[in-house]
Amino acid sequence: MSDTEFEGIVASPWSGGASPFAINSKKLGMWLFIISDSLTFSALLISYAYVRLETPNWPRPFEIWPAIAKSSLMTFVLLSSSLTMVLGVNAAFNGDRKKTVRYLIATILCGIAFVAIHATEWVTLLGEGVTPWSNPFNPAAPLFGGTFFGLTGLHMLHVTIGVAYLAIIAWGFGKGKYTAEHVEVSGLYWHFVDLVWMFIFPMVYLLSVNPK
Amino acid sequence: MSSHAHTGGSTVHAPMAEPSGFIRKYIFSVDHKVIGIQYFLLALTAVVIGIVLSLLMRFHLVWPNATLPFVSGGQMSQEQYLALVTMHGTIMVFFVLTTAPQGGFGNYFLPIQIGAPDMAFPRLNMLSFWVTFLAFVCIIAAFVVPGGAPISGWTGYTPLSGLGEISGPGEGWGQTLWIVSISLFCLASLLGALNFIATTIDLRAPGMSLMRMPLTVWGWFVTAILGLLAFGVLLAGGILLLLDRSAGTSFFIPAGLVVNDQLQPHSGGSPLLWQHLFWFFGHPEVYIAILPGMGVASHVLSTFARKPVYGYRAMAYAICAIGFLGFMVWGHHMFVSGMSPYSGFAFSVLTMSIGVPSAIKTFNWLGTLWGGKIQFKTPMLFALGFVSLFVSGGLSGLFLAQPAVDNMLHATYYVVAHFHLVMGVAAIFGIFAATYFWFPKMFGRMMNEPLGKIHFWFTFVGAYCIFMPMHFIGIAGGIRRYADASAVGFLAHLQPVHQFMTIAAFITGAAQLFFLFNFFYSLKFGPKASKNPWNATTLEWDTDSPPPMDNFGGHYPSVYRGPYEFSVPGAGDDFIPQWLEPSQVARAK
């Protein structure tokens, strides 16, 4: 073996420079969580598609007023909350604590509004007799209720957790305990929950508009 | 020294001060080494239970009418046999094959082998373990609830698992606990996988490029990616199954189902949906069990053959390829569930294509051994055993990958023999190799070599005696999950083969006492281990045995070369560790 080959084996340090993947662990962790959570939602949405295609005469009970109007309003509220979130993250990186907290609170209020309107939707459907195990529109398709409450319920759980998460971040950032990086990571979660709704809204609501 | 310096600017936790109280130090510890040992002990408990369950099954298959003291009514019922099948499979797959190699050794050694002071998220790590522990408590509780353990197999096939008590004993509380346990396990594994990936990407020491990572790290890293993508889907399936059982939905239960003469109040669902969701997780799960073992085998073979791993890059890429293909073959578990021949063909071709990276690994293991100065220490024997079992079990996979052949063999013992060899016993051999190899580092003492060798030969010969004849029973038509084949005319003449396997199983099971004795005796009385007893090259051998709280005692290693520089021509020693500065490397005189 020549000297240069020997050197090649014993001495080619990668000189300890910056890691090629120098991404903050917290941010990376949140991205990885989002990947796995999106697979959970995908599995549920694909299951929904599967049972819907298997069922003849899947019910399409939603009227433009009030169901679609309400769910459109919910979509609008949630999308607006993503805007305030972006502004919040931006303010956080500009070091403006007051502004950041204000935008985060706006985001939280939008989240609460979303859950509140959604809850009235649930109450309406339950009042019409839709339950996870039965469906007055078409008794042969009892899974209408199961998929509706399952999908929107898991999403609502995510929004609720997000509201609590943002409240903690807003409180901590206002006190100076957290950095802009924390706000950004919570923003990733919030946008993801928003994005999931952009799949649920058309698949659960718009595909089930009453054709009459 | 802050840990910022060695991770190239990414913010990480500074190593935490060693806690003083017993509870913070050993119970709710955030130290990845303590958590690794906790996972290992959990798996050790689970494997003892799993082995006892399998021995009870083997006993029942040969002496179905024997009176057993602990069974109510004296004789084991067919449902109780099915409960044994279910619990043996569930405990072994989830709490042994997933927990020991990844949760146990991965947790302990991944951070050390990449030169990190801890995992990226130490508290999350602690949470993962305790949620896993809770899952284990749930599954064990299924034994003692009214009705006993569930009977629907480790795959929890619907509609059996979705209907409740009407479909059999154990399908009430037992099955609910099973679902809760598996869902918790999914959650814990997701968090663990996330932690492993972030740690591997973010916390490597200077010089530890991806192509300098030990193959063990590659194994754990790719396994974590599989876990991240697979467990979330099973979690979704678990939620739906739980809704079917407790909220009255019918995701997995079709209309018009009559069970025990009663029409079930369900309609609209499809049992196939569960199979798709389950196997989309279930097939990657097979690789979650075996990939860490492949990493350990490569690592140990190289160390004790005193040769670099043959084709290191190909080995790393093969691990990635196996992981990638593992997501596209779930349909081969469902050939007999009814499937378009075109889908069957696609799944069949994809399944067989996994043979290519598997063969790359096998031939590279052989290439690593070729011309080496082989030292037959116990870890080496188990690594060689791993290769042998992986090949023997893998070859039958090529037959099962053909839909036409699988239609004949799917419900027989042939499949049982196949997966026990290739993912069960092979993975267990990987765990044993890892235990004998790293015991000195983990506990600061050496294990006993002669006892280890006795343990190896009994286990190796025993495993073949149990599972090789099983192939022939399967080809002869022996149907799996039958509690008493002697009552079936055309199977009765196979009973002597069953007897042979049962005796082999009892001897092999008893031989594990050599291991348990060796393990606990060496903990206390083994000779003290030096820093680097095997003259190995990777970073875990650069620190004390056992390592201090921050892994390297205040200094952080830099990495100057690949992980397997053994017998380098021109060097003074037959190994050049990764951490040795170039100026310190001895030249041959």
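Quick notes on the rules
Residues numbered from 1 in each chain as written. Chains lettered and ligands numbered in written order. Predicted model: local features only at pLDDT ≥ 70, side-chain atom pairs only at ≥ 80, totals over all residues. Heavy atoms only, no water. Helix = DSSP H or I, 4+ residues; strand = E, 2+ residues; numbered from the N terminus. Rg over C-alpha atoms; globule rule 2.2 N^0.38 Å. Buried < 20%, exposed > 50% of the residue type's maximum accessible area, 1.4 Å probe, protein only. Contact = heavy atoms within 4.5 Å. Areas by Shrake-Rupley, 256 points an atom, 1.4 Å probe, with all protein chains shown as cover. Lys, Arg positive; Asp, Glu negative; His and termini not counted. Charge placed at Lys NZ, Arg CZ, Asp CG, Glu CD. Expected span 1.5 Å × (residues − 1). Bend = angle between axes of the 7 residues up to and from the residue. Core = buried A, V, L, I, M, F, W, Y, C linked by side-chain atoms within 4.5 Å. Axes fitted to C-alpha atoms, helices over the stretch in contact; angles between N-to-C directions. Parallel < 35°, antiparallel > 145°, perpendicular 65-115°, else oblique. Left-handed = near helix turned anticlockwise from the far one by under 90°. 1 Å grid on protein atoms, 1.4 Å probe; cavity = no way out; pocket = protein on both sides within 12 Å on 5 of 7 lines; lining within 4 Å. Points joined across faces, edges and corners; volume = space filled by probe spheres on them. Nonpolar A, V, L, I, M, F, W, Y, C, P; charged D, E, K, R; others polar. Phe/Tyr/Trp six-rings, centres within 6.5 Å; stacked < 30°, edge-to-face > 60°. Lys NZ or Arg CZ within 6 Å of the ring centre and 35° of its normal. Patch = residues over 30% accessible without salt bridge, like charges linked within 9 Å, V, L, I, M, F, W, Y side chains within 5 Å. Salt bridge = Lys/Arg side-chain N within 4 Å of Asp/Glu carboxyl O.

(A) Looking closely at the overall build of chain B. Looking only at helices and strands, chain B features 15 helices and two strands. Relative to the compact-globule value of 25 Å for 589 residues, chain B shows a C-alpha radius of gyration of 24 Å, a close match. The dimensions of chain B, computed from C-alpha atoms along their principal axes, are 85 × 50 × 45 Å. Classification of the 589 residues of chain B by burial places 63% in the buried group. The contacts of chain B with a sequence gap of at least 6 include a subset with a gap of at least 24, amounting to 78%. With the model as given, the accessible surface of chain B reaches about 20,800 Å², and the carbon-plus-sulfur share is 70%. Computed over 25 positive and 21 negative side-chain charges, the inter-centroid distance for chain B is 11 Å.

(B) Helix α6 (residues 215–246) of chain B, seen in detail. Residues and elements named next belong to chain B. Under the 1.5 Å per step criterion, the end-to-end length of α6 is 45 Å for 32 residues, consistent within 8% with the ideal 46 Å. Of all the bends in α6, the greatest measures close to 25° and is centred on Gly-227. Within α6, 26 of the 32 residues are buried, which leaves it mostly tucked inside the rest of the structure. Positive phi shows up at Gly-248, right after α6, with a value of about 80°.

(C) Summary view of helix α5 (residues 173–202) of chain B. Spanning 30 residues, α5(B) covers 43 Å between terminal C-alpha atoms, matching the ideal 44 Å at 1.5 Å per step. When you tally the buried positions in α5(B), you get 26 out of 30 residues, the bulk of the element.

(D) How the structure looks around the nonpolar core. By size, the foremost hydrophobic cluster in this structure holds 235 residues, and its most contacted members are B:Phe94, B:Phe105, B:Trp218, B:Trp365, B:Phe386 and B:Trp438. Each residue touching B:Phe105, except ones within four places of it in the same chain, is listed here: B:Phe40, B:Ala100, B:Leu110, B:Trp220, B:Ile431, B:Ala434, B:Thr435, B:Trp438 and B:Met442.

(E) Representation of the packing of helix α2 (residues 25–54) of chain A against α6(B) in the model. Contact geometry of α2(A) with α6(B) gives a least axis separation of 8 Å together with a crossing angle of 40°. In terms of orientation, α2(A) lies oblique with respect to α6(B). Our pair here, α2(A) against α6(B), has a crossing hand that is right-handed. Facing α2(A), whose interface residues are A:Leu32, A:Ile35, A:Ser36, A:Leu39, A:Thr40, A:Ala43, A:Leu44 and A:Ser47, α6(B) presents B:Leu228, B:Leu229, B:Gly232, B:Val233, B:Ala236 and B:Leu240.

(F) Region of interest: the environment of B:Val497. Residues and elements named next belong to chain B. Checked against the element boundaries, Val-497 lands in helix α15 (residues 495–525). For Val-497, a relative accessible area of 29% puts it in the partly exposed group. Between the alpha carbons of Val-497 and Thr-362 there is a distance of 31 Å; along the sequence they are 135 residues apart. Setting aside its immediate chain neighbours within four residues, Val-497 contacts Pro-469 and Ile-473.

(G) Geometry of unusual backbone geometry. Looking along the chain, the bond that leaves A:Trp65 and enters A:Pro66 is cis, with omega of 5°. The residue after B:Ser545, namely B:Pro546, is reached through a cis peptide bond having omega -10°. Within the secondary structure layout, B:Pro546 lies in the segment after α15. If you check the backbone angles, B:Asn535 has positive phi at about 50° while not being a glycine.

(H) Molecular detail of the environment of B:Lys453. Residue and element names in this part refer to chain B. Relative to the helices and strands, Lys-453 is located in helix α14 (residues 449–475). Taking the C-alpha atoms as reference, Lys-453 lies 9.9 Å from Phe-515; in sequence the two are 62 residues apart. If we ignore the near neighbours within four places in the chain, the residues touching Lys-453 are Phe-376, Thr-378 and Leu-381.

(I) Inspection of the layout of surface pockets at higher detail. Here the second largest pocket is characterised by a volume of approximately 1,200 Å³. Along its surface, the second largest pocket is lined by 32 residues, and A:Met30, A:Phe33, A:Tyr165, B:Leu124 and B:Leu191 are the ones closest to its centre. Elements supplying a minimum of two residues to the lining of the second largest pocket: α2, α5 (143–174) and α6 (180–205) of chain A together with α4 (122–141), α5 and α6 of chain B. The class makeup of the residues in the lining of the second largest pocket is 22 nonpolar, seven polar and three charged.

(J) View of the packing of aromatic side chains. Under the counting rule described, the total for this entry stands at 77 aromatic pairs over all chains. Its guanidinium or amino end placed over the ring of A:Phe173, A:Arg97 lies 4.6 Å from that ring's centre, counting from NZ or CZ.

(K) Fine view of the environment of A:Ala164. The residue A:Ala164 is located in helix α5 in this model. Considering only alpha carbons, one finds A:Ala164 and A:Gly111, 53 residues apart in sequence, at a separation of 10.0 Å.

(L) Fine view of empty space enclosed by the protein. All names here are of chain B. Taken as a whole, this structure holds four cavities of 30 Å³ or more when the rule is applied. Of the pockets and cavities examined, the largest cavity occupies roughly 200 Å³. In terms of lining residues, the largest cavity is bounded by 20 residues, among which Thr-98, Gln-102, Gly-103, Ser-189 and Gly-192 are the most central. Of all the secondary structure elements, the ones that give two or more residues to the lining of the largest cavity are α3 (78–113), α4, α5 and α6. For the lining of the largest cavity, the per-class residue count stands at eight nonpolar, twelve polar and no charged.

(M) Main features of a nonpolar patch on the surface. All names here are of chain B. Taken together, the side chains of Val-391, Leu-395, Leu-398, Phe-399 and Val-405 define a hydrophobic patch exposed on the protein surface, amounting to about 400 Å² of accessible area. Among the secondary structure elements, Val-391 is positioned in helix α11 (residues 378–400). Look at Val-391 and you get partly exposed, because its relative accessible area is 32%.

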